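Results of the structural survey
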There are 2 protein chains.
Amino acid sequence: MKGFFYADSVAVVGVSPSPTNLARAIVFHLVEFDYSGTVYLVGPRGGSFMGHKIYRTVEEIPDSVDLAVLLTPAHTLPEIVASCGRKGIKRFIIESAGFRELGEDRLGLEQEILSLVNKYGMRFIGPNCIGIINKENGLAVPFMPFRNEFNVGRLSIISQSGGVGGALLNALAAEGLGFNKFASIGNKLNTDENDLLEYFLEDEGTGAVFLYLEGISDGRRLMELAFQAKKPILACMANTTEASAHIARSHTASLSSAEEVVQAAFQQCGIQRFVDMRSAMDMIKACHLPAVRGDRLAVVSRSGGHAVVAADAAATYGFQLPPYPEELLHQVESRLRAKVIRLGNPMDLGDLFDFDLFESIVRNTLARDDIDAMLMVYNYNGVFFQDESRMVVGAVKEVCLEMQKPLALCVVTTDEEFRVNRKRHAGFPLFSEPREAAHALAFSRDIHSRKIFTFAEAEEFAVDGNSARQLLGAAVLRGARQLSMMEAFRLLSCYGIAVVPWAAASSSEEAVACARDLGFPVAMKVMVETIVHKSDVGGVLLHLTSEDEVRAAYDHLVNLAKEYGGAGAEPAVLLQQMVAGGIEVIVGGKRDHNFGPLVLFGLGGIYVEVLGDVCLRIAPVARAEAERMVQEIRGYRILQGVRGEPAAHVEAIVETIQRVSQLLMDLPEIQEMDINPLKVFPEGQGCSAVDCRIILSPAQSGR
Amino acid sequence: MKGFFYADSVAVVGVSPSPTNLARAIVFHLVEFDYSGTVYLVGPRGGSFMGHKIYRTVEEIPDSVDLAVLLTPAHTLPEIVASCGRKGIKRFIIESAGFRELGEDRLGLEQEILSLVNKYGMRFIGPNCIGIINKENGLAVPFMPFRNEFNVGRLSIISQSGGVGGALLNALAAEGLGFNKFASIGNKLNTDENDLLEYFLEDEGTGAVFLYLEGISDGRRLMELAFQAKKPILACMANTTEASAHIARSHTASLSSAEEVVQAAFQQCGIQRFVDMRSAMDMIKACHLPAVRGDRLAVVSRSGGHAVVAADAAATYGFQLPPYPEELLHQVESRLRAKVIRLGNPMDLGDLFDFDLFESIVRNTLARDDIDAMLMVYNYNGVFFQDESRMVVGAVKEVCLEMQKPLALCVVTTDEEFRVNRKRHAGFPLFSEPREAAHALAFSRDIHSRKIFTFAEAEEFAVDGNSARQLLGAAVLRGARQLSMMEAFRLLSCYGIAVVPWAAASSSEEAVACARDLGFPVAMKVMVETIVHKSDVGGVLLHLTSEDEVRAAYDHLVNLAKEYGGAGAEPAVLLQQMVAGGIEVIVGGKRDHNFGPLVLFGLGGIYVEVLGDVCLRIAPVARAEAERMVQEIRGYRILQGVRGEPAAHVEAIVETIQRVSQLLMDLPEIQEMDINPLKVFPEGQGCSAVDCRIILSPAQSGR
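On a predicted model such as this, the values are computed, not experimentally measured, just so you know.

Criteria and thresholds
- Residues numbered from 1 in each chain as written.
- Chains lettered and ligands numbered in written order.
- Predicted model: local features only at pLDDT ≥ 70, side-chain atom pairs only at ≥ 80, totals over all residues.
- Heavy atoms only, no water.
- Pairing = 2+ DSSP bridges.
- Helix = DSSP H or I, 4+ residues; strand = E, 2+ residues; numbered from the N terminus.
- Expected span 1.5 Å × (residues − 1).
- Buried < 20%, exposed > 50% of the residue type's maximum accessible area, 1.4 Å probe, protein only.
- Arc of directions from axis to C-beta.
- Contact = heavy atoms within 4.5 Å.
- Least-squares fit on C-alpha atoms with pLDDT ≥ 70 in both.
- Axes fitted to C-alpha atoms, helices over the stretch in contact; angles between N-to-C directions.
- Parallel < 35°, antiparallel > 145°, perpendicular 65-115°, else oblique.
- Left-handed = near helix turned anticlockwise from the far one by under 90°.
- Nonpolar A, V, L, I, M, F, W, Y, C, P; charged D, E, K, R; others polar.
- 1 Å grid on protein atoms, 1.4 Å probe; cavity = no way out; pocket = protein on both sides within 12 Å on 5 of 7 lines; lining within 4 Å.
- Points joined across faces, edges and corners; volume = space filled by probe spheres on them.

**Notes on the sheet that holds strand S7 (residues 123-125) of chain B**
Residues and elements named next belong to chain B. Read from one edge of the open sheet, 7 strands run S3-S4-S2-S1-S5-S6-S7, paired in mixed fashion. Only two strands of the sheet have a single partner each, and these edge strands are strand S3 (48-49) and S7. For S3 and strand S4 (residues 52-55), the ladder comprises 2 bridges, and the chain directions are antiparallel. Looking across to S4, one finds that Ser-48 is bridged to Lys-53.

**Observations concerning helix H4 (residues 107-120) of chain B**
Residue and element names in this part refer to chain B. Under the 1.5 Å per step criterion, the end-to-end length of H4 is 20 Å for 14 residues, consistent within 8% with the ideal 20 Å. Of the residues making up H4, those classed as buried are Leu-109, Glu-110, Ile-113, Leu-116, Val-117 and Tyr-120. The buried residues of H4 all sit within an arc of 125° when viewed along its axis, so they share a single face. Residues of H4 that are exposed and point more than 90 degrees away from the buried face comprise Gln-111, Asn-118 and Lys-119. Those residues of H4 that are buried are in contact with helix H3 (77-87), strand S6 (91-94) and S7. A positive backbone phi angle near 65° is found at Gly-121, which sits one or two residues after H4.

**A word on helix H17 (residues 434-449) of chain A**
Over its 16 residues, H17(A) extends 22 Å from the first C-alpha to the last, a length consistent with the 22 Å expected when each residue adds 1.5 Å. Pro434(A), Arg435(A), Glu436(A), Ala437(A), Ala438(A), His439(A), Ala440(A), Leu441(A), Ala442(A), Phe443(A), Ser444(A) and Arg445(A) are the residues of H17(A) that are buried.

**What to know about the relation of the copies chain A and chain B**
Between chain A and chain B, which share one sequence, the superposing operator has a rotation angle of 180° and an axial displacement of 0.0 Å; the RMSD is 0.1 Å. In symmetry terms, the pair is related by a two-fold rotation axis. Looking at the rotation axis and the C-alpha trace of chain A, the residue lying nearest is Arg278(A), at 4.3 Å. When the interface residues of chain A are mapped onto chain B, 100% of them are again interface residues, pointing to one common binding face.

**A short note on the packing of helix H5 (residues 162-174) of chain B against helix H11 (residues 277-287) of chain B**
Residue and element names in this part refer to chain B. Orientation of H5 relative to H11, taken along the N-to-C sense of each, is 50°, at an axis distance of 12 Å. Between H5 and H11, the crossing angle belongs to the class labelled oblique. In this structure, H5 crosses over H11, and the sense of that crossing is right-handed. Along the contact surface, H5 presents Val-164, Leu-168, Ala-171 and Leu-172, while H11 presents Met-277, Met-281 and Ile-284. Split into classes, the residues belonging to the contact of H5 with H11 amount to 7 nonpolar, no polar and no charged.

**Quick word on empty space enclosed by the protein**
Tallied over the full model, the rule gives 1 cavity of 30 Å³ or more. Of the volumes computed, that of the largest cavity is approximately 40 Å³. What lines the largest cavity is simply Met144(A), Gly163(A), Gly166(A), Ala167(A), Asn170(A), Asn379(B), Tyr380(B), Asn381(B), Val412(B) and Thr413(B). With 4 residues, the single largest contributor to the lining of the largest cavity is helix H5 (residues 162-174) of chain A. Split into classes, the residues belonging to the lining of the largest cavity amount to 4 nonpolar, 6 polar and no charged.

**A word on the packing of helix H15 (residues 386-403) of chain A against helix H16 (residues 415-424) of chain A**
Residues and elements named next belong to chain A. At a minimum axis separation of 11 Å, H15 and H16 run at an interaxial angle of 40°. Of the possible angle classes, the one that applies to H15 and H16 is oblique. The two elements H15 and H16 cross, and the hand of that crossing is right-handed. For the pair formed by H15 and H16, the contact residues are Gln-386, Arg-390, Val-393 and Lys-397 on the first element and Glu-417, Val-420, Asn-421 and Arg-424 on the second. Partitioning the contact of H15 with H16 into residue classes produces 2 nonpolar, 2 polar and 4 charged.

Next up, the structure:
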C-alpha cells in the first residue's frame, strides 16, 4: 500500500482540454497540494493542460510511472488497464463509476479488470471512489475539488464514500487538525479497508485511523488487525438500518441482527464506534491530546454555570473530582477581585483577572500525581481582555504539551474569537462546551484502560472431537437440517457441557424403566423434527410423579408424534430428570456470513424474549471476555443473588460460553445453536442444559 | 414582566469614571444595542461617562425612571433599593453577587431587600445575574461584554447562569439565528423562571422559549405553564448529578431520584429536555422551520454516502421514506450527466449539474400530500460551481418558506463557504450533517404530534374520603410513622382499590376461624412496625393448607412479633387468601418537595429492583397518561401476554394508577406509598393489592 501513497510519479488518465473534463481536477489537486513527484497527463485526444503535454496512451510516456489514476468511462477501462500492465505500472486507482453499484450486468467488466490485474501483478484502489491524498508529499488525486487548507495532521482516513470522507476533511480543516493520509475505497474490488488499515497501522505519519464503511469486507481480518493495533481506530458503520431489518427466523438469529454483530465485534476488538460526525470529532480531538490514564479530573472554569455543567458532564462520564490543595486555593483566593466566589473542584475563576495565574494553576495541577486530566472552560467575549485571554489559551496549550498530560480546553467565546484561537493553535484541539470535552477525555481514558482479549487468548478445552464429528457426519449424511434432541445432547456432552440426566424411550415400558432410573419426578418431551415449538402443541409434560403418569404421557406423546408425521425408527419420546431450582440462562451461537462464529449469552425466558437482554461476542472468546459477557447484561444482579437468593455459579456459565465458542469454531457444520434454558445452580453446583437446538449449515445439510 | 423589557428609561447604578468599573459595560451595551429609551447613570462619586452625567443617587435624577440596574457591592444595596423606592422606581435588576450563594450569613441582607420591595411595591430580577436584553428595543444591560452581532430572532432565553446564557447567545449569533429576549435570573429572589416564562409565553415577539436552570423554583407552576403553552419550551436542567446521588432510603424513593422526577415532569407537560448545547441547537433550529406534521420524509443528497447516512438517520428517528413519483425520477434521470447513479428515496443527485432542477425537485416534493418534510444534503466544496451552489441554497430556502412546509437543509462544504451561506440566510437554519437535520425534524414532529394531558383532565372517582381521613387522623394522633398493614388495606379500600381478601387475628383460634372463612390455602404475615422486611426474618408464611399449619404459623409469628418488641394491643398476625396466577406489578407514589405528589408504576419483583423498569408521573394523572405509563415500561409485552399466557387486565392497572394518584392528591398526610405487589389477573378479572406500605409525612406524624 505504501507504493500508492509514496509514488514518485503519477499518470492521470482521462484528461482532455475540454472545460467540463473531470480529470483536470486531479491535475489541479497535484498542483494545489504541491505534489513533490512528477505528473503525466494521458487522454485519447492529446493536446496539453496546465503546461503538461497530454499523452494519448500511458505507453507513450517516456519514463517509468509509479501510479496511474484512471477517470474514463467504465467500458474503456479494460483496455487502459491492459496498457498500464504492458507499461509496467504496478499500481492504479479507478475513480470512474459504472460498476456493480449499477447492477449485476456490470460484474463482467469487473472480472475483466481483475484478470488483467492478475496477469500483470498489479494492485488497484476503486472503482467508484475519489482516490487518495497524502498530505506528507502532496500526492492528492481526488476529482472532487478541494482547496489545500489542511495541516499535516496525525489522523489517516479510510472512507467508502467520497462525499462523507470529503465532509470529514472539511471538518478537520475547520478544527485546525488536518490529516495525514486519506483513501476513498469505493467498491473495494482489489483493495479493501483492511489492506489500507494494515498499512496505516504501520505508517509512521499516522497516529490514529478513521474508518467510514457501508459494508465490511472481512470482519475477522478487521478484528485481527484491531487486536494488534497500537493506535486508536474510530469507525462509522453506515447502512445499518436496512441490515437490521432482516430479522432471521430462528431464535438466536432474531436476537443478533447484523447491526448487533458489528457492535459486538467492534467493542470486542477495541474499535471505537460513533454515530455522527460530532461525536466522532470529540474522539478525534482526544487522539490529539496526551492519553488519559485514570478518572481523576480537575476542573477550572471562568463561569459558575459552566462549572456546574462541567461537574455534571464529569459525573456522567465517570470522572472523580478530587479537591484542590488548600494552598493553591488560598493563593487563588488572595488574587480574586470581588471575593464573591467560593472555590472547590470545579474551581470557578470567573472573578480572576490576574491572567498569569491561569498558567500556574494549570501547571501546578497537571503536575499532581492524583490528577489524571484537566478540563478547563475559558469564557471571554473578545470585548475586554482579548489579548490576555488569547495569551491564556496559548499558555495553557503549551503547558499541556510540555508536561504531556491531557487538558481539554473549552474556549467559550464568539464564533470569530474561537476561530482566531483555532487558527493560532492549529493541531491542538479546542472544545466549545464542557460536555464535548468530558466526552473526549472519557474516550481517551477508556481506550487506554480497557483491556482487549484477542482470539489467540481463548483457551482450548480437551474435548471428544472425534465422537462429535462422527455424530455430525451421520446427521449430514442423512440430510438432516437440525440435530435431534438426543444428538444435540450427545454433542454437548462431547464438548464437556453438562446436560440434565435424560433417556430416550421407544415404548411405554421402556419409558417407565427410564423414569425409574432417572428418579421421579420426570419430564417427558416429544422428539419430532417437524415440531419446532414443543410446548405450544402440548409436547412437553412436566412433574410426572408416578409410573402411571409416565405411561399415559408416553401414549400421548407418541400419538402427537404420529400426528406430526414424525414417528420413525428413532425413539420419539425423551425423559428428563425434573431439576429443581436454578436460574435459567441462554447460551447460543451462530455463524455470521462475515464475522464467522459468534456466541450469545442472556438470561433465559422472558428476559431474552421480551427485554432483549443479551450480549454477543465473536468466537473464540477468551475466559476474561466470557466473564465480561456475563457481567454486561442488565440482569447480572439476578445472577449475583437478589432477595436472599444464593449467587449463581457464574464460573460455570463462563466455561459453558467458552465451550460453546470452541464447539462453533471446531464444527463448521453447525449454523446455529442455542442451549435454552441452561439451568445455573448456586455457587459450586455448576449448570446443566435442559433443552438444546442445533441447526446445520445449508451447505452441510445439502439443501 | 413586560415593564422590565420595555422600560422607556433606565438608570444604571454603580457607574464610576474608573476604567475597571464594571457598570460601565452596562452603559456600553445600551449604546452598542442602540437602546431606544433614555439612560441615566448613577454613582456615588459623580462625574460623567460617555457624555452622560453621573448622578450621585437615583433621587437626584430629574425625570421619572422605569428601570434601575444595580451593580454595587452587596452591602450597599439596601440603601440603594430604598432610594429607588422613594424615587418611585417600580422595577430593578440586581446584578451584584455576594448573597446566599456565599453562605447562610447573607440571608439577612436578602431579607432586608425583600422587605423594602414589599414596602414600596417593587419587583426585581437577581441578584447575582447578568441582567436582561431585549433585541426589539435595544434594552441590553449585562455587565458581561457582548458585541451586538445578533439578529432579532424568535427565541427568548431564561438562564440561571450568565456564562451559560452568554455562550448560548454566541452560539445563536454563529448560527445566524439571533434571539428575541434574554433574561439571566441568578438567585431568583423575587423573580423566577416561571414569572419570566409566563411572560414570554404571551409575548408576541417570542416564538419559542429556552430555559437553563440549576434548580426549579416551583415545579407544579412550571408544569401548569407548560400545559397551557402554545410555543415550544426547551430546557436544560444542570446540577442533576449531585441530586441524583441522594438516594432516599425507602423503596419507591430510591427508584425516583430528583433527576427522574424532573425527567418525568418535563415529559408529561411537553417541555423538551436536552443535555448539551449541540442537541439544543438542533431543536432550536427546528423551531425556526415550519412544523413537521408527520413522519413521511423525502431525502435528496448530492453525495451517495450522505444519502446512506441520511437514510440511517431517518430510520433512527422513525421516519418513513415514500418513493418519489416515477415521472419526477425520469425527469431527473434525463438530466444527469454521467448516468452512473440509480435514483430512489433518498435521491442521489451527485451527478446533477443542472442547478435549476434542484429548486423544482424541492417544490414538487414539498407540494406532495404524502410528504411531511424534506431532508436535503447539498455538498459542494466551493471550488467549482460556487455561485450556482449558493443560488441553490437560497432558492431552496425560499421554496421552504413560501410553501410553509419543513425542509432541513444540510450544507456540506468548507467552513468558509458554510459561513457565507449562514450569513446570507440569517434566520433560516442550516445544518451540517444529516443526523442533526433528522434529529431536528423528529423533534418538530414529536412536539407537534404528542398529545399532552393536563392535570385538569384527570378524572375524579367517587371514594369514601371521610373514612380515609378518619383513619389517617387516628394514625397521626397516635404519632405513627407508617400505617399498619390493616390500615393500609382499609385505606386502599376507601379509594376503591381491590385488596386480596384478608383478616387479622389476635389468637390462634381466631386465626383458624379466619383461615376457614378465607378458604385454604392461606398466607400469614407478621404485622409489627419495627419489622420492615418481613420475608427476611421469616415473617411471611405461604401456602398454609390446614388448621394445624395455621396454628403453628400463628405461634411462630407471635413469637417473632414479641422478639421485635411489637406485640401490643393491635393484632399481630394477618391472614390472606393465597392468590394463584396473575402478574406482579408495583404501583406507588411519593410526595416530592417541589413537584408534589407523584405516582410510580413498574413490573414487580426483580424487574423493578434489578432492572429499574419503572416510570413516573406527577399527579394527578389523566387516564390517557396512566395508559402511557403502562405502555412505556420495557416489560409491557409481558402484560400483553407472552409464551401463550393471556393478556393481563391492563385497564385495571390504569385505574389503580389513577386511584393512587387521587389518593395522594387528596391526602397530604401521606409521604410515600407502594402497593407491591399488585397482582394483575387476565383481561376482565381485575387486580388486587397483596401488600401495601404507606409512610406518613414527617410534619403529620410529628417527627
